[in-house]
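# Observations on chain architecture
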Amino acid sequence: MSKRTRATAFGAATTALAAGLGAYLVFFRRQCLTWGARPDEVSRKLPGDELLPRVGIVATRAITIDAPPAAIWPWLVQMGSGRGGVYTYDWIENLFGLDMHSTRRILPQYQGVKVGDEFPLGPGRPAMRVAVLDSERTFALRFADGNWVWIFALSAEDGHTRLISRNRIAAAEAWPARLFGMLVMEPGSLIMERKMLLSIKERAEDLARQQPA
């Protein structure tokens, strides 16, 4: 390949990347980061936001569950590698060696959660720790390096519950890492988190139907 041809190919690739980034930022990024959430939920301050005040990415996603908070809470507090899993695509998680196996049962041995408890993400991976615990209302985890906070908030409304999942992530320093985060990690997180929320909804609604009225 001649020098001129290489330069032309590089220019075309750069233009395509810029166009793709522009389209994502203008048309898709907000929808990606706020799937299922109402505007008031996106703007709402949640307990745990203060744990990481300066962030690069905030993703607030939500779902309506036809069950009370009591039927949702047990699925949240038993999450983790070697515990209840994270209710998403286990085969994708396990491609990265995370040892995730999403259960369809309430696991009593993981229900007695306390602030400071460790939630493993996989063998050899840094863990998250429980930072905020308000039973059937708020459950927040903080990553060991302090650069990621994951908050779950439950809000009962007219016989159903809104489950809000918010990820607060510190900004990457280098632009290549930022671009990778926006173009790969953000859409990827939507795919995985959407599956997680839908799976929690299914499990919680099944559990609510089994409980006596």
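Attention in this report is confined to the structure presented alongside it. Fair warning: this is a prediction, and the values are worked out from it, not measured in the lab. (Residues numbered from 1 in each chain as written. Predicted model: local features only at pLDDT ≥ 70, side-chain atom pairs only at ≥ 80, totals over all residues. Heavy atoms only, no water.)

## Here's the deal with the overall build of the chain
Check the secondary structure of the chain and you find 5 helices and 6 strands. Reading the chain from its N terminus to its C terminus gives the helix and strand order α-α-β-α-α-β-β-β-β-β-α. In the chain, which comprises 213 residues, the share counted as buried stands at 39%. Looking at the chain alone, contacts between residues at least 24 apart form 63% of all its contacts between residues at least 6 apart. (Helix = DSSP H or I, 4+ residues; strand = E, 2+ residues; numbered from the N terminus. Buried < 20%, exposed > 50% of the residue type's maximum accessible area, 1.4 Å probe, protein only. Contact = heavy atoms within 4.5 Å.)

## Here we look at the nonpolar core
Nonpolar side chains tend toward joint burial in soluble globular proteins. Counting 30 residues, the largest nonpolar core has L76, F139 and L163 as the members making the most contacts within it. Elements with a contribution of two residues or more to this core: β1 (57-65), α3 (69-77), β3 (128-134), β4 (138-143), β5 (148-157) and α5 (175-210). Take this core: its biggest share by element is 6 residues, from α3. Not counting residues up to four positions away in its chain, the partners in contact with F139 are W73, L76, V77, V113, F119, V130, V132, L133, W150, I151 and F152. Grouped together as the second largest cluster of nonpolar side chains are 10 residues, L52, A62, V149 and I151 included. (Core = buried A, V, L, I, M, F, W, Y, C linked by side-chain atoms within 4.5 Å.)

## Focus on unusual backbone geometry
Despite not being glycine, D99 shows a phi value in the positive range, around 55°. Positive phi values are uncommon outside glycine, yet E136 reaches one of about 65°. Examined against the element boundaries, E136 turns out to sit in the loop between β3 and β4.

## Considering the pairing of β5
Here β4 runs beside β5; their pairing, made up of 5 bridges, is antiparallel. By the bridge assignment, T138 is partnered in β5 with A153. The loop that links β4 with its antiparallel partner β5 comprises 4 residues; one of these, G146, has a positive phi angle of about 80°. Hairpin connection between β5 and strand β6 (residues 160-169): a loop of 2 residues separates the two successive antiparallel strands, and D158 in this loop has a positive phi of roughly 50°. (Pairing = 2+ DSSP bridges.)

## What about the packing of aromatic side chains?
Taken as a whole and assessed by the stated rule, the structure comprises 7 aromatic pairs. Ring centres 6.2 Å apart and planes at 80° place the aromatic pair W75 and Y87 in the edge-to-face group. Taken together, the residues W75 in helix α3 and Y87 in the loop between α3 and α4 (90-95) connect sequence positions 12 residues apart. When sorted by exposure, W75 lands in the same class as Y87, which is buried. Residue placement shows R83 over the ring face of F119; its charged tip is 4.3 Å from the ring centre. (Phe/Tyr/Trp six-rings, centres within 6.5 Å; stacked < 30°, edge-to-face > 60°. Lys NZ or Arg CZ within 6 Å of the ring centre and 35° of its normal.)

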